[in-house]
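Here is how the chains run, residue by residue.
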Amino acid sequence: MTITLKNADYEVVLNTKGAEINSFRSVKDGTKYIFEGPESIWKFHAPILFPQVGRIKDGFYTWQEKEYHLVNNGMSRDMEHKLVAQTETTADFELTETADTLSDKFPWKFKLHTHYELKENGLVFTTTVTNTDTTPMTFSIGSHTAFCCPRNTDPAGTTNADYQYEFEKKEPLTTVLLNEAAQLAVDEDGTAPCTKPYGEKEAGIIPITAAGFGNGHFFTQFESTWVGLRNKKDGSLIKVNCKGYPYLMVWQNGNGAEGAAGNGFNCIEPWYGTADAENTDHAWENKSGLIELAPGESFTADQSFFIEK
């Protein structure tokens, strides 16, 4: 089921499947900011990643001698969330455990609450995890919002190369090393995550080209409170909140023939957590970047985005 929020500036369509943003458009000129499809390029738009972010090697992990199964980026994006509140400009969704998640996907009881609030300059977008179980719970959470690039209202001839990623503080970047399968690469001692300077030509600026970013470029140790996608032609900027996040992924896809027709996108993905290491032993307790919650405790991730024209 989809619902629509609208104000004088923007309209957002949200889906109860995944509690996902399906579209975000300007009311005034029809600009599409969020990738809307087709599925032949990518079947998602802005999935919420829980309780796993990134690749899970071989599709499983173990906890207390039992095997559990997850797809890459977790189970939340594929599940139906309950719409619990709605106004003209706000919506709240909840996801809780099921018999299937407890037996095969994630061994804890939980509540995942997603809140959207449409503003005159963007969208407040937060996810709150509450441990409703009787034992401590560990998890990862993140987002994977895909922004149109180029946009449908850009002048003819605009390409990905007319955009760039920007870190707020224009700081030299540190990248987490990934292998070709987008798993954490390990050092000579078998330790992950391992890092190195990203080596960008201009500090905190990442050019975008048709070559793409492969399985993604993964960053850590940044102080910026937002990462943005800037249109270099008109100076417009979309800022994604990343304050307090330990990791951030950028990724692009849809840049073939269909992408050239206006269906390309670039993702800004703040994460609490990482993909599996390439040498993982599959034990959940040994994963890097997990958040721990005591029974009754909650944790909120803020992945709001705002537009500067």
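Reference entry: report on the structure contained in this document. It should be emphasised that the depicted structure is a prediction, and the values quoted were computed from it without experimental measurement.

Describing the pattern of salt bridges
In total, this model carries twelve salt bridges according to the counting rule given. One salt bridge in this structure joins D9 and K28, with 3.0 Å as the shortest N-O distance. Of the two residues, D9 sits in the loop between β1 (2-6) and β2 (10-15) while K28 sits in the loop between β3 (20-26) and β4 (48-49), which places them 19 residues apart along the sequence. Note that E94 is salt-bridged to K111, the shortest N-O span being 3.9 Å.

Some thoughts on the layout of surface pockets
Any empty space left between the atoms is revealed when a probe the size of a water molecule rolls over them. Considered as a void within the structure, the largest pocket measures approximately 280 Å³ in volume. Residue composition of the lining of the largest pocket, grouped by class: nine nonpolar, five polar and three charged.

Comments concerning the packing of aromatic side chains
Scanning all chains against the criterion turns up 30 aromatic pairs. Between W42 and F265 the ring centres are 5.2 Å apart and the planes differ by 25 degrees, which places this aromatic pair in the stacked class. Of this pair, W42 sits in the loop between β3 and β4 while F265 sits in strand β22 (residues 265-272); the two residues are 223 residues apart in sequence, bridging distant segments of the chain. For W42, a relative accessible area of 12% gives the class buried. When the ring of Y272 is compared with that of F299, the centres are 4.8 Å apart and the planes differ by 85 degrees; the resulting orientation is edge-to-face. A residue pair is termed long-range when its members are at least 10 positions apart, and Y272 in strand β22 and F299 in strand β24 (residues 298-302) qualify at 27 residues. For F299, a relative accessible area of 22% translates into the label partly exposed. Through pairs of rings, three or more aromatic residues link up here, namely F50, Y61, W63, Y68, F106, W108, F110, F139, Y245, Y272, W284 and F299. Looking at K66, its charged tip hangs above the ring of Y68, at a distance of 5.3 Å from the centre.

Observations concerning the sheet that holds β1
Spatially, β1-β2-β3 is the arrangement adopted by the three strands of the open sheet, whose pairing is antiparallel. Looking at the sheet topology across the chains shown, the edges are occupied by β1 and β3. On average, each strand axis in the sheet is inclined to that of its neighbour by 20 degrees, with strand direction left out of account. With six bridges joining them, β2 and β3 adopt antiparallel strand pairing. Note on β3: the bridge partner recorded for Y10 is S26.

Describing unusual backbone geometry
Among all residues save glycine, negative phi is the norm, and among peptide bonds the norm is trans. A cis amide bond links F50 to the next residue, P51, at an omega of -5 degrees. Tracing the backbone shows P51 in the loop between β4 and β5 (60-63). The peptide bond linking C149 to P150 adopts the cis configuration, its omega dihedral lying at 0 degrees. Here P150 is to be found in the loop between β13 (145-148) and β14 (163-167). Not every positive phi belongs to a glycine, and E65 is a case in point at roughly 70 degrees. Within the element layout of this structure, E65 appears in the loop between β5 and β6 (66-69).

Quick notes on the rules
Residues numbered from 1 in each chain as written. Predicted model: local features only at pLDDT ≥ 70, side-chain atom pairs only at ≥ 80, totals over all residues. Heavy atoms only, no water. Salt bridge = Lys/Arg side-chain N within 4 Å of Asp/Glu carboxyl O. Helix = DSSP H or I, 4+ residues; strand = E, 2+ residues; numbered from the N terminus. 1 Å grid on protein atoms, 1.4 Å probe; cavity = no way out; pocket = protein on both sides within 12 Å on 5 of 7 lines; lining within 4 Å. Points joined across faces, edges and corners; volume = space filled by probe spheres on them. Nonpolar A, V, L, I, M, F, W, Y, C, P; charged D, E, K, R; others polar. Phe/Tyr/Trp six-rings, centres within 6.5 Å; stacked < 30°, edge-to-face > 60°. Buried < 20%, exposed > 50% of the residue type's maximum accessible area, 1.4 Å probe, protein only. Lys NZ or Arg CZ within 6 Å of the ring centre and 35° of its normal. Pairing = 2+ DSSP bridges. Axes fitted to C-alpha atoms, helices over the stretch in contact; angles between N-to-C directions.

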